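Coordinate inspection notes
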Amino acid sequence: MKQFRILAPTAILGYGFPVGSFQRGLELEPHLIAVDGGSTDPGPYYLGSGKPFTDRAAVKRDLRYMLVEGVRRGIPVIIGTAGGSGAAPHLAWCRDIVTELAHEEGLTFRLGIIPADVATETVVEAFRQNRLTPLEGVPGIDETAIRACTHIVAQMGTEPFAAALDLGCQVILAGRAYDPAVFAAMPIMQGYPAGLAIHMGKILECAAIAAEPGSGADAAVGILREDRFELVPLNPERRFTRRSTAAHSLYEKSDPLRLPGPGGLLNLTACRFEASGDGRITVQGSVYEPAAKKVKLEGAQPLGFRTVCIAGVRDPIMIDGIQSILSELRQRVDGMLAEAGIAGKVWFHLYGANGVMGSREPARSQPAHELGIVIEAVADTQAQADTICSMTRSTLLHYGYPGRIATAGNLAFPFSPSDLSTGACYGFVLCHLMDYREDMFPVETVEIGGSR
Amino acid sequence: MKKIREIASVVRSKNAGPFQLTLDILFDRETDYRAVKERGMITPAQIRSMYSLTPDEPVRIVYFDPALAVKIVLPRRTPAGNPGDTDVYGAQQHGPLLSLEFDL
């Protein structure tokens, strides 16, 4: 029976992989080397600011192995969600690394570039015509918020990758993509069932995370057949197990049985996971149900500038009264800011009380022997955020709370300077579905020459 | 009564997109999983009280047989990474679940 083998070197481009695992993957003669570089997990800052969340040297290291071996052996190399968020600046950043490597290694190949940016006006028009559907739990938006998004991207499905492969691209570098698309596009073109191809892509996009012990920094191979697929670990330390593989299907999903993607739904209701020896797992029964073609939009808007201050409290009297002290302090600072004509907001992250869970923390009456306080100040300008943070910090430092006997200062600062200006901060706005249009993800081809 | 750590090998939390939180419990044995599922031993009311949900905050409980797993989906009060958020990845919101006990 024919089969299609895919080498997934790492969970996110730049997370790394042991060279031995990569080599064992190559020995299985893959038809494709693919990796997805992105996630919204690190928060809105990266999409909003256009900055990558992975390190340049680490991305270059991973790409060097992939490009050198892929080009030399004629194996297509596909990279999705370049630079972590997959907007124009992220794609340009990653393209620069690819070009640099090609020159350093003397590689010659046809490069396909697929941007994923969507024009603001296109989104505004769709919003006005009620053609944006929020995903579950996404709050309402307005036109102002859409216009404020610094970059808007759409998750591409498999079609743009198929188009680039048809154009003879040896290496494909794409903006924001549906994670499994980089893996599923080529086998779907060759007639393999979409359900199995996409489900295999869903697991391979995290490489060895679905193995036991899991790792985001190790490689795995997937072998797709017409009626099943098999996951192969490439490191003797790891095995795929029924549990680890099935558990992975749950990961970061709100419904483990029906996984929506661009153009259809992956239905895992009838899915079976069986051990097939040597730490391998065989998966059957994943079904693809085509639906109206939609793309998921992502966009983040600037929400001001942030300054933070980290401090500790070890005084038991202050710890006992901390909630009322902070609410009195808040009133006092609000008054001072109003007087100075500065608008902004302050949050207290109280480690040792509810720093991690905030208002959802059920443990209310277990005071710690010390508390960490992070003051977070956000305002329209960095200077204003600095002022708010400074005012809050100095007021708290010398605040004469009831019962105080330590009159020299209320806070232990680990650092000088105590206040850190962290720059712009952002918030996700768009997490919506919009109609897919065929001209949304145009492929640009570039001949990369090999002068050393 | 059995403590959750005696019958579950994985208890975790994570974002499901920037606006939702998902809690996963993976049981070790099929018999425990079946009992918990069939007897409805994890209730929305229990989760509501554990996570201080307001009446208008939805909670969903989904079972996934292939992984002997139950998934609980909650809304986030602050979107991931917005000013004032406390856990950008949502990876440390599972703690209260470790106090669950089951009559098995």
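Residues numbered from 1 in each chain as written. Chains lettered and ligands numbered in written order. Predicted model: local features only at pLDDT ≥ 70, side-chain atom pairs only at ≥ 80, totals over all residues. Heavy atoms only, no water.

Now for the pattern of salt bridges. For side chains bearing opposite charge, pairing can occur when the charged atoms are close. Summed over the entire model, instances satisfying the criterion amount to 41 salt bridges over all chains. Across the salt bridge formed by Asp41 of chain A and Lys14 of chain B, the nearest N and O atoms sit 2.7 Å from each other. Here the residue Asp41 of chain A occupies a position in the loop between strand S2 (32-36) and helix H2 (44-49), and Lys14 of chain B occupies one in strand S2 (residues 8-15), the pair thus bridging two chains. Pair check on accessibility: Asp41 of chain A and Lys14 of chain B agree, each one buried. (Salt bridge = Lys/Arg side-chain N within 4 Å of Asp/Glu carboxyl O. Helix = DSSP H or I, 4+ residues; strand = E, 2+ residues; numbered from the N terminus. Buried < 20%, exposed > 50% of the residue type's maximum accessible area, 1.4 Å probe, protein only.)

This paragraph deals with helix H13 (residues 382-397) of chain A. Residue and element names in this part refer to chain A. Its 16 residues place the ends of H13 22 Å apart at the C-alpha level, agreeing with the 22 Å of an ideal helix rising 1.5 Å per residue. Listing the buried residues of H13 in full gives Gln382, Ala385, Ile388, Cys389, Met391, Thr392, Arg393, Thr395, Leu396 and Leu397. Buried residues in H13 make contact with strand S15 (294-313), helix H11 (316-320), helix H12 (322-340), strand S16 (344-351), strand S17 (371-379) and strand S18 (419-435). (Expected span 1.5 Å × (residues − 1). Contact = heavy atoms within 4.5 Å.)

Residue and element names in this part refer to chain A. If you walk through the whole model with that rule in mind, you get eleven aromatic pairs over all chains. Pairing Tyr45 with Tyr46 gives two aromatic rings, centres 5.2 Å apart and planes at 90 degrees, and the pair type is edge-to-face. Owing to a relative accessible area of 23%, Tyr46 belongs among the partly exposed residues under this scheme. Here Lys2 stacks its cationic end above the ring of Tyr192, 4.6 Å away from the centre of that ring. Positioned above the aromatic ring of Phe17 is the side chain of Arg61, whose terminal nitrogen or guanidinium carbon lies 4.5 Å from the ring centre. (Phe/Tyr/Trp six-rings, centres within 6.5 Å; stacked < 30°, edge-to-face > 60°. Lys NZ or Arg CZ within 6 Å of the ring centre and 35° of its normal.)

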